[in-house]
Amino acid sequence: MTNLAPLLKEHAFFEGLKPEYIELLVECASNVRFEANQLIFRQGENADSFYLIRQGKVAVEISTPGQPAIVIKTLMEHDVIGWSWLFPPYRWQFDARAMELTRAIALDGRCLRGKCESDPVLGYELMKRFSAIMLETLQATRLQLLDLYNVPSRRA
């Protein structure tokens, strides 16, 4: 098995994280691959991981029965996808679909939650980082809804 520590260390999401925390995260990490058009996760299903995209493109979508999916945002190399593993009831809030062959590092949510419970400083560091992703997703969703309903956006 390849040691994923160097890949985690160089990822922008973990910039400034203590080396000992990187070593803890490696214990929860694995390489994954998704084919083009493969569903990575579906809204409402158990959220048990998050992904650091190494290569490829992923659409974050909202699905409604009988309607085409609405793409909220598109993620690419160096982006992070998935924050629902961190908050009870640990269910995905969106769908995610690989738009092309995508390689990523998966981090197991249950493993990480245990490490965060044991080390609240690590938990706080991850919470700060995921809060930024949640804010970006909320903003992207807002902009998509404004576009969908042809409402002019007001930017602060």
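In this text the structure is predicted, and so the values were computed from the model without any measurement.

Rules used in this analysis
Residues numbered from 1 in each chain as written. Predicted model: local features only at pLDDT ≥ 70, side-chain atom pairs only at ≥ 80, totals over all residues. Heavy atoms only, no water. Disulfide = S-S within 2.5 Å. Helix = DSSP H or I, 4+ residues; strand = E, 2+ residues; numbered from the N terminus. Buried < 20%, exposed > 50% of the residue type's maximum accessible area, 1.4 Å probe, protein only. 1 Å grid on protein atoms, 1.4 Å probe; cavity = no way out; pocket = protein on both sides within 12 Å on 5 of 7 lines; lining within 4 Å. Points joined across faces, edges and corners; volume = space filled by probe spheres on them. Pairing = 2+ DSSP bridges. Contact = heavy atoms within 4.5 Å. Axes fitted to C-alpha atoms, helices over the stretch in contact; angles between N-to-C directions. Arc of directions from axis to C-beta. Polar contact = N/O pair within 3.5 Å; in protein donor to acceptor, adjacent residues only side chain to side chain.

Regarding the state of the cysteines
All told, the structure shown has one disulfide when counted by the stated rule. Across a sulfur-sulfur distance of 1.9 Å, cysteine 28 and cysteine 111 are joined as a disulfide pair. Its torsion about the S-S bond being -65 degrees, the disulfide of cysteine 28 and cysteine 111 is classed as left-handed. In this pair, cysteine 28 sits in the loop between helix 2 (19-26) and strand 1 (29-34) while cysteine 111 sits in helix 3 (residues 109-118), placing the two residues 83 residues apart along the sequence. In this structure cysteine 116 is a free cysteine whose sulfur lies 8.7 Å from that of cysteine 28, the closest cysteine sulfur available. According to the relative accessible area criterion, cysteine 116 is buried, its value standing at 13%.

Quick look at empty space enclosed by the protein
Taken as a whole and judged by the stated rule, the model has one cavity of 30 Å³ or more. Along the walls of the largest cavity sit 15 residues, with Val60, Ile81, Gly82, Trp83 and Phe94 positioned nearest its centre. Every element with two or more residues in the lining of the largest cavity is listed here: strand 5 (70-76), strand 6 (80-81) and helix 4 (120-148).

Description of the sheet that holds strand 3 (residues 49-55)
Spatially, 1-8-3-6 is the arrangement adopted by the four strands of the open sheet, whose pairing is antiparallel. Each edge of the open sheet is held by one strand with a lone partner, namely strand 1 and strand 6. The sheet contacts of helix 3 involve strand 3 and strand 8 (102-108), and relative to strand 8 the element is tilted by about 45 degrees.

Remarks on helix 3
Along helix 3, the positions that sit buried rather than exposed are Gly109, Leu112, Arg113, Lys115 and Cys116. Angularly, the buried residues of helix 3 cover 165 degrees about the axis, an arc narrow enough to put them on a single face. Among the exposed residues of helix 3, those pointing more than 90 degrees away from its buried face are Arg110, Glu117 and Ser118. N-capping of helix 3 is provided by aspartate 108, with a side-chain oxygen placed 3.2 Å from the backbone N of arginine 110.

What is shown is where atoms sit, not what they do.
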